[in-house]
Amino acid sequence: FVVVLFVLLVARLVVLQVVRHDDLALQAEANRTAVVPIVPNRGLIVDRNGVVLATNYSAYTLEITPAKAAPLEPLVDELAQVVDIQPRDRRRFKRLLEESKSFESLPIRTKLTEEEVARFTAQRFRFPGVEVKARLFRNYPLGDVGSHLLGYIGRINQAEKKTIDEWPEEEQSNYVGTEYIGKLGLEQKYERELHGTTGFELVETSAGGRAVRRLESQAATPGNTLVLSVDIRLQALVEQMFGDRRGALVALDPRSGEVLAFVSKPTFDPNLFVDGIDFDSWRELNESIDKPLLNRALRG
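Residues numbered from 1 in each chain as written. Predicted model: local features only at pLDDT ≥ 70, side-chain atom pairs only at ≥ 80, totals over all residues. Heavy atoms only, no water.

(A) Representation of the overall build of the protein within the structure. Scanning the protein from terminus to terminus reveals 14 helices and 12 strands. Counting only C-alpha atoms, the protein reaches 95 × 50 × 30 Å along its principal axes. When the 300 residues of the protein are sorted by exposure, 37% land in the buried category. Across the protein, the centroid of the 39 positively charged side chains sits 2 Å from that of the 43 negatively charged ones. (Helix = DSSP H or I, 4+ residues; strand = E, 2+ residues; numbered from the N terminus. Buried < 20%, exposed > 50% of the residue type's maximum accessible area, 1.4 Å probe, protein only. Lys, Arg positive; Asp, Glu negative; His and termini not counted. Charge placed at Lys NZ, Arg CZ, Asp CG, Glu CD.)

(B) Examining the nonpolar core more closely. By size, the foremost hydrophobic cluster in this structure holds 24 residues, and its most contacted members are Ile45, Tyr140 and Leu228. Of all the elements in the fold, those that place two or more residues in this core are strand E3 (52-64), helix H6 (147-150) and helix H12 (271-274). Leave out the neighbours within four places in its chain, and Tyr140 touches Leu53, Ala54, Leu150, Gly151, Tyr152, Ile153, Glu187, Pro270, Asn271 and Val274. Core analysis: the second largest hydrophobic core is formed by 18 residues, Leu62, Ile64, Ile108 and Leu112 among them. (Core = buried A, V, L, I, M, F, W, Y, C linked by side-chain atoms within 4.5 Å. Contact = heavy atoms within 4.5 Å.)

(C) Structural view of the packing of aromatic side chains. Tallying each qualifying case throughout the model produces 7 aromatic pairs. When the ring of Trp167 is compared with that of Tyr175, the centres are 5.2 Å apart and the planes differ by 80 degrees; the resulting orientation is edge-to-face. Take Trp167 and Tyr175: they sit in the same class, and that class is buried. One aromatic cluster in this structure is built from Tyr152, Phe268, Phe273 and Trp282. The cationic tip of Arg192 hangs over the ring face of Trp167; the distance from NZ or CZ to the ring centre is 4.2 Å. (Phe/Tyr/Trp six-rings, centres within 6.5 Å; stacked < 30°, edge-to-face > 60°. Lys NZ or Arg CZ within 6 Å of the ring centre and 35° of its normal.)

(D) Structural detail: the environment of Asn139. Along the chain, Asn139 falls in strand E5 (residues 130-139). When its relative accessible area of 24% is taken as the criterion, Asn139 is described as partly exposed. Once residues lying within four places of it in the same chain are set aside, the contact partners of Asn139 are Leu53, Ala54, Thr55, Tyr57 and Asn271.

(E) Structural detail: the side chain of Asn174. The topology assignment puts Asn174 in the loop between helix H8 (169-173) and strand E7 (180-182). A distance of 3.5 Å separates polar atoms of two side chains, one belonging to Asn174 and the other to His195. Residues contacting Asn174, with those up to four places away along its chain left out, are His195, Gly196, Thr197 and Thr198. (Polar contact = N/O pair within 3.5 Å; in protein donor to acceptor, adjacent residues only side chain to side chain.)

(F) Highlighting the pairing of strand E12 (residues 259-265). In terms of burial, E12 is largely enclosed, as 6 of its 7 residues are buried. With 6 bridges connecting them, strand E11 (residues 247-252) and E12 associate as antiparallel partners. Bridging across to E12, Val250 finds its partner in Phe262. The loop that links E11 with its antiparallel partner E12 comprises 6 residues; one of these, Gly257, has a positive phi angle of about 85 degrees. (Pairing = 2+ DSSP bridges.)

(G) Seen up close, helix H11 (residues 232-242). Among all positions in H11, only Ile232, Gln235, Val238, Glu239 and Phe242 are buried. When H11 is viewed along its axis, its buried side chains cluster within an angular range of 120 degrees and face the same direction. Residues of H11 that are exposed and point over 90 degrees away from its buried face: Arg233, Gln240 and Met241. In this structure, the buried residues of H11 make contact with E3, E11 and E12. Note on H11: the residue one or two positions beyond its end, Gly243, has a positive phi of about 60 degrees. (Arc of directions from axis to C-beta.)

(H) View of a nonpolar patch on the surface. Judged by side-chain polarity, Phe1, Val2, Val4, Leu5, Phe6, Leu8, Leu9 and Leu13 come together as a nonpolar surface patch covering roughly 870 Å² of accessible area. Looking at the element boundaries, Phe6 is found in helix H1 (residues 2-19). (Patch = residues over 30% accessible without salt bridge, like charges linked within 9 Å, V, L, I, M, F, W, Y side chains within 5 Å. Areas by Shrake-Rupley, 256 points an atom, 1.4 Å probe, with all protein chains shown as cover. Salt bridge = Lys/Arg side-chain N within 4 Å of Asp/Glu carboxyl O.)

(I) Up close: the pattern of salt bridges. Under the defined criterion, the tally for this structure stands at 21 salt bridges. For Arg138, the salt bridge is made with Glu187, and the minimal N-O distance between the two is 2.9 Å. One end of the pair, Arg138, is in strand E5; the other, Glu187, is in helix H9 (residues 185-189), with 49 residues separating them in the sequence. Among the residues examined, Glu187 registers a relative accessible area of 0% and is labelled buried. Between Arg246 and Asp290 there is a salt bridge whose closest N-O contact spans 3.7 Å.

(J) Structural detail: H1. For H1, which comprises 18 residues, the first-to-last C-alpha distance of 24 Å matches the rise-based estimate of 26 Å (1.5 Å per residue) to within 8%. Among the 18 residues of H1, 0 are classified as buried, and the element is accordingly described as predominantly exposed. (Expected span 1.5 Å × (residues − 1).)

(K) The arrangement of the environment of Ala54 in detail. Along the chain, Ala54 turns up in strand E3. In this structure Ala54 comes out as buried when scored by relative accessible area, which is 0%. If sequence neighbours within four positions are ignored, Ala54 has contacts with Leu44, Ile45, Arg138, Asn139, Tyr140, Pro141 and Glu187.

(L) Representation of the side chain of Arg109. Tracing the chain through its elements places Arg109 in strand E4 (residues 106-112). There is a polar contact of 3.0 Å between the side chain of Arg109 and the side chain of Glu116. Dropping the residues within four chain positions of it, Arg109 is found in contact with Thr61, Leu62, Asp84, Ile85, Asp89, Arg92 and Glu116.

Remember, this is a structural readout, not a statement about activity or role.
In C-alpha cells, the structure reads:
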C-alpha cells in the first residue's frame, strides 16, 4: 500500500515537473508579473499659424475598482465625507458601471484639488479598491470657437468597444488601457493619427497585486500634431459676426482649395463632453430650439 502511494506521488510529480512544466512555469510567471499599458499623450490640434486648438493637461481622479471594493452605495457615501462628490458624479459613475466590467477602474470624481488628494491619501486605508490616479484630460482652450470643426473626445462606450474588437489585432492592442476616443469632427476623423502608440511596463507584483519593481518598459509614442489650414482668427471673427443668428459659412482659398474657416452657428463648448456631459447641460443643448449640436455647414 505504501509503495503504491509512493508510485502515485512520483507519477504526480513527473506530471507537474516534466509534462506540465512549461505551462505551469508560464502561469507562475504571469502571477509574479503584470503588463501595465502606458497610454500615449494625444496629439495637439493647431491652426495654420500654430495657435493651439486642442491640448492636454494632467489632473488627479478618484477611481473605484468595483471588483476590489466594498458595497458601492455605502462606499460612495463614506467617500463623500472625505471629498466633494456631487449628484452628477454619482449619476455618471452609475452609468459607467452599467457600461463597464467590474474589474475596470471607474472615476467617481475627476479633477481633484491638492487638498482633496491629501485628505483622501491620509485615509486611504479605509477604502479598499479606491485609488487616486493621475490622468490626462483633453482641453479646448478657445471654448466654443470652431467646435463643430474640432469635435470632441469622450469615454469609449460599449458600441465603440465592439467596433474596436473587430479591428486588426495590432490596432486593438494599441488601444489597451485607452479610455477616451474621438467622437465627432476632426477628433473622430483623425483618431488614429492623434492617438499615438501605447507603451507598456512589465512590473513584478506582490501576492496582494501591488507593483514591487519595474522589470522592463517601453515608452509610449505621443500622437501626431494635426496642423489645419484654418485660420482661427478668421473663424472667430466670422462666428462673432453671426451673433445670435443661425447659419453656416465655409471660406476657401481659391488658389489652393484650403479651408480657411468652417463655421456653424450656434456653437457649443466641447469641454462639456470630455469628462461626460451632465444631464442639465445635455438637456439644454439637445432641447434648444436653435439646435446648437447640428453641424449646419455639413448637414444644413
